[in-house]
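# Results of the structural survey
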Amino acid sequence: MDPRKIIVELYPELTPELQKAAEFVLEHSSELVVLSMRAFAGNADVKPATLLRLAQRLGYQGWGELKSAFIQSLGLADDSYASRASGLQDKAQHPALYDEVFSAFGTNLQQTRENNREALDHAVTLLDNASQVYICGFRASFSVAWSLHYIYRLFHRHVSLIDGLANNQEMFTREIGADDVVVICGFAPYSRETLQIIAYAQAAGATLIAVTDSAVSPLAQAAACTLLFSSGSPSFFPSVVSAMGLAECLMAALVARHGEDAIRRIESAERYLIDSGTYILPGK
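Presented here is an overview of the structure given in this document. As the structure is a computational prediction, the values presented were derived from the model and not from experiment. (Residues numbered from 1 in each chain as written. Predicted model: local features only at pLDDT ≥ 70, side-chain atom pairs only at ≥ 80, totals over all residues. Heavy atoms only, no water.)

## Examining the overall build of the protein
Counting its secondary structure elements, the protein contains 15 helices and five strands. Taking all 284 residues of the protein together, the buried fraction comes to 43%. Residue pairs in contact within the protein that sit at least 24 positions apart in sequence constitute 68% of those at least 6 positions apart. Total accessible area on the protein stands at roughly 15,100 Å², and carbon and sulfur atoms take up 53% of it. (Helix = DSSP H or I, 4+ residues; strand = E, 2+ residues; numbered from the N terminus. Buried < 20%, exposed > 50% of the residue type's maximum accessible area, 1.4 Å probe, protein only. Contact = heavy atoms within 4.5 Å. Areas by Shrake-Rupley, 256 points an atom, 1.4 Å probe, with all protein chains shown as cover.)

## Brief notes about the pairing of strand 3 (residues 181-186)
Burial runs high along strand 3: six of the six residues are buried. Residues Val 181, Val 183 and Cys 185 line one face of strand 3 and the alternating positions Val 182, Ile 184 and Gly 186 line the opposite face, and both faces are buried. With five bridges joining them, strand 1 (residues 133-137) and strand 3 adopt parallel strand pairing. Note on strand 3: the bridge partner recorded for Tyr 134 is Val 182. In this region the chain leaves strand 3, passes through helix 12 (residues 192-204) and returns to the parallel neighbour strand 4 (residues 207-212); the handedness of that crossover is right-handed. (Pairing = 2+ DSSP bridges. Right-handed = clockwise from strand over helix to strand, strands pointing away.)

## As for unusual backbone geometry
A cis geometry characterises the amide bond from Ala 188 onward to Pro 189, with omega recorded as -5°. Along the chain, Pro 189 falls in the loop between strand 3 and helix 12. A positive phi is found at Asp 45, a non-glycine position, where the angle reads about 60°. For Asp 45, the position within the fold is in the loop between helix 4 (37-44) and helix 5 (48-57). For Arg 139, which is not a glycine, the phi torsion comes out positive at approximately 55°. Along the polypeptide, Arg 139 turns up in the loop between strand 1 and helix 10 (142-152). The class for Arg 139 is exposed, based on a relative accessible area of 60%.

Set out below in structure tokens:
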């Protein structure tokens, strides 16, 4: 049974302290699935023991079992990387693995193409209206965020990458304002840093655009606009091929919207890269 339904049904029977914890659980389930019990208790302003009692009162053996139930209900459960990697051993000499991987790329791209026509236009409008754009993605999602930032900076100056270098998130998040847009990239399992950036952005009143793998992911739940990509793969690790394709499509749509001004900026950036020797052209 969905743990949220259990909470709603048992809520009138809970003590005031457990009701406080239950309300926070319902309102912040996206945080629950990625934070430790101690960290979540701190955010809820209750003791960890209160969360343990709540889980047991709801019929679970402990907090871990309640957390697992929420992960299942949000559609975030998946095989571990190790178990998926183990499954590849049977295909060690299997020539079809090559074809399976590239076939998965095609399927993911097709699904991603079908899911984002209207959302892409919405994302372009939000970005165009932003005073400043911040982009972030951690661990395996960093490649998507970096690609967005690198291409965007070729024709738009007010773009910053929150890269987490030297734990520098605070340097960027302290500047986020209500007129800004924060683009967050991530797929399951979601990184704690991403949830922290979301919290900072929400506190500042900024607009969030999520580039993520599920409509019920913590990123999507917080976003004003969600761009969905498919990450299925016969390999042990989720594929980011369609996420990169979505990033490239978003940048192309922005250039098309910006017209001649974008072209001039791109031309200027390209000329500098060539004149400075950064680009080495064939035959030169």
